[in-house]
Every structure is written in C-alpha cells, then in structure tokens.
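Residues per chain are reported as follows:
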Amino acid sequence: MMDNTKVLEEETSSTSAHKCPWMPTSYVDCTDFELMKKAKIHAAHVLLWSRDEKPVSPYHYDDIELPMQTKILMQVRFDGSFGFPGGFVDELESKVPSSFPKFLELLQQGVCRELFEEMGFGRDTSPSYVYSCHPAGREKDVMLHFFMFQLTPSQMKAISWGSIISTSDEVVGLSLVPLYTMKDGIRGLPTFLTNSFAGNAVEQLLRCILKQGFLSEVEVRKATEVAFKILKKRGGGDLKFEFQSHTHIL
Ligand code: GTP
Ligand code: MN
C-alpha cells in the first residue's frame, strides 16, 4: 500500500503536510507566494490575546490557584464549533497583488474588516502575520492565513457581548482558552481541546501558544495527548442516551 503522507511530502517539497488532529483533513504550510496567488479563495483569521501584569482573578479549586495571566479569545460559531474572528477576504477573489507585502496588507485589511463585523471593534488594528496553510491537495481552492494581535488588558475587558450581538449573527458565544491543566491532568486545556473547531483553528491556537511561549512544549503535548484519550473514549462508548422525565420534581 502507498504511504500517502510520503507522497504528499514529495509533492510539496518545500512544505510538509501535517495532520490537524481534530479533523480528517491534513494541512500543508505554505510560504510560497506564487502558490498563494493561485488560490481562488483566501480566508484570514486572527487570535486576539492580552497579558495581565500580574495574574488576576485567580481561579481557586481544591486550594490550587490557577492564574490566567494570558488571555486568548475564541468565538463559539453559529455551527457550534470554536474558531477565531475573521473570514473570507473577498477583495482577493478578483485580483491578487503582485507583491507579497501588498498582498499581506490586503489580507490585514480584510481580517480587520471581518473583526469589526464580528466583534464590533478592530477596524484600525494591525494584526501581525503568523503563517498560511491550505488543506492538502487543495492549494488552488483555498488558503487559510493566520494573524495575531495583542490587546491591552483593558481592551480585552472592554470586548462587549452587546456589540457582537448587534453586529454578527455568526457568533453565538465568546470564550477564553483555559491555559492551564488542573491537578487531575484532565480539566482545563485538555478538556477544552475536546471541543469541535472550525477548519484548522485548533492547530492555529496551539501554534500560537508555542510561538509566544504561553505554555511549554511539554505542557502542550501532554494536553493534546489527554484530549485524544478523552475523544477516543467518547467515540468508543455506547452512544445511547435515555431521557428521563423529571417532571415529578416540579
Ligand atoms: P460568511 O461571511 O458567513 O461566509 O463567513 P466568514 O467570511 O466570516 O467566514 P468564516 O469565518 O466562516 O471562515 C471561512 C472558512 O474558514 C470557513 O470555511 C470555516 O470553516 C473556516 N474557518 C472558520 N473559522 C476558522 C478559524 O478560526 N480558523 C480556520 N483555519 N478556519 C476557520
Ligand atoms: Mn467569520
């Protein structure tokens, strides 16, 4: 039998395919602007984060203090999955500029427009570019571009549910990412990682956590391993659920 991964790696010599563990799809990093230009559709998303000077609102549980000094924002999307603000950059569908800096500029503008549509702020921010990738074998269809932007703690605090409700019907919730693992080794980040994520958002999240050093590689690896175990256990169980009437309680 052919080893598909190998074939894929050979086909894309300057890049390597990596499986986004939560999805059946593999993604391939893309640093080649010539290839990027060929994609019909471009989507760009942004990770908003902030860092408090000292841990605020520590969460106490069983006398363990779990400070959340770094806050990462994710959305609960209309389809029930977690993702980042952003979306399709329609401006790039008709014409792609010939220089990479100009291309990045348009992506940035697009991601800011989406940010404003979905969150009611961010029109004038300039998120920094992190990386681009595409679903394996679909480089001509779609490119996924990723950005990060650091907010001040008070900007993070000021993000208002009201403005999101009024600007977007795509967003049904907001969430901070629990950037810790609790004493049982399960709750916290590992449990959060068992949610459903849009596209390769989970990979984008973990990459940024590592890139910025929010958590160590060992912590991230452990959290993903535990998440896999939980997912496997869930999938393997008897999925029958009996509803019981609790009307007698009322
Ligand atoms: P519409 O205007 O309603 O079409 O949506 P949009 O422009 O806001 O696009 P959306 O945010 O849904 O993102 C476009 C594509 O990227 C979708 O096919 C999603 O599956 C995917 N997607 C959504 N969120 C994320 C994310 O956080 N990361 C990645 N990589 N993909 C995402
Ligand atoms: Mn969107």
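Residues numbered from 1 in each chain as written. Chains lettered and ligands numbered in written order. Predicted model: local features only at pLDDT ≥ 70, side-chain atom pairs only at ≥ 80, totals over all residues.

If you check an unreviewed UniProt entry, the protein appears there as U8 snoRNA-decapping enzyme from Orchesella cincta. On record in UniProt, under Cofactor (unreviewed entry), the comment for the protein is "Co(2+)". According to its UniProt record, the protein has this under Sequence similarities (unreviewed entry): "Belongs to the Nudix hydrolase family. NUDT16 subfamily." (UniProt positions renumbered as here; feature names shortened; annotations may be inferred.)

Bringing the overall build of the protein into the picture now. In terms of regular secondary structure, the protein is built from 9 helices and 11 strands. Relative to its 250 residues, the protein shows a buried fraction of 29%. Partitioning the contacts of the protein with sequence separation of at least 6, the portion at a separation of at least 24 is 67%. (Helix = DSSP H or I, 4+ residues; strand = E, 2+ residues; numbered from the N terminus. Buried ≥ 20, exposed ≤ 12 C-beta atoms within 10 Å, placed from the backbone. Contact = placed C-beta atoms within 7 Å.)

This part is about the nonpolar core. One broad trend across soluble globular proteins is that nonpolar side chains are buried collectively. Grouped together as the largest cluster of nonpolar side chains are 45 residues, with contacts concentrated most on V46, L47, I72, V111, A201 and L205. Elements supplying a minimum of two residues to this core: β2 (26–29), β3 (41–51), β6 (70–77), α4 (100–119), β10 (142–151), α7 (189–192), α8 (201–211) and α9 (217–236). Considering each element in turn, this core owes the most residues, 6 residues, to β3. Not counting residues up to four positions away in its chain, the partners in contact with L205 are L47 and V177. (Core = buried A, V, L, I, M, F, W, Y, C linked by C-beta atoms within 7 Å.)

Moving on to α8. Looking only at α8, the buried set comprises A201, V202, E203, Q204, L205, L206 and I209. With its phi angle positive at about 70°, G213 sits one or two positions after the end of α8.

Contacts to ligand 1 come from 15 residues, most closely from G83, G87, A198, G199 and A201. Contributing elements (two or more residues each) for the shell around ligand 1: β3, β8 (86–88) and α8. Here the element with the most residues in the shell around ligand 1 is β8; it accounts for 3 residues. Grouping the constituent residues of the shell around ligand 1 by class yields 6 nonpolar, 7 polar and 2 charged. (Near = placed C-beta within 6 Å. Nonpolar A, V, L, I, M, F, W, Y, C, P; charged D, E, K, R; others polar.)

Right, let's talk about the pairing of β6 for a bit. Looking at chain direction, β3 and β6 are connected through 4 bridges and run antiparallel. Looking at β6, one finds that L48 is bridged to L73. Pairing analysis gives 5 bridges linking β6 to strand β11 (residues 171–176), with the strands arranged antiparallel. What sits directly across from M74, in β11, is S175. In the sheet, β6 pairs with strand β7 (residues 82–83) via 2 bridges, with the strands oriented antiparallel. Counterpart to V76 in the pairing with β7 is F82. Where β6 folds back onto β7 in an antiparallel hairpin, the turn is made up of 4 residues, including G80, whose phi is positive at roughly 90°. (Pairing = 2+ DSSP bridges.)

In this fold, G199 is placed in the loop between α7 and α8. Separated by 55 residues in sequence, G199 and L144 place their C-alpha atoms 8.7 Å apart.

Let us look at α4. Since one α-helical turn is 3.6 residues long, residues separated by three or four positions face the same way. Between the first and last C-alpha of α4 there are 28 Å, a value that for 20 residues agrees with the 28 Å anticipated at 1.5 Å per step. Of all the residues in α4, the buried ones are L107, Q108, G110, V111, C112, E114, L115, E118 and M119. In this structure, the buried side of α4 is in contact with β3, β8, α3 (91–94), β10, α6 (161–167) and β11. Downstream of α4 by one or two residues, G120 has phi in the positive range, about 75°. (Expected span 1.5 Å × (residues − 1).)

Two faces make up the sheet, and in a regular strand the side chains alternate between them. Among the 11 residues that make up β3, 9 are buried, leaving the element largely enclosed by the rest of the structure. Bridging between β3 and β10 involves 10 bridges; their strand directions are parallel. If you follow V46 over to β10, its bridge partner there is F147. Alignment of β3 against β8, held across 3 bridges, turns out to be antiparallel. When the bridges of β8 are listed, A44 appears paired with G87.

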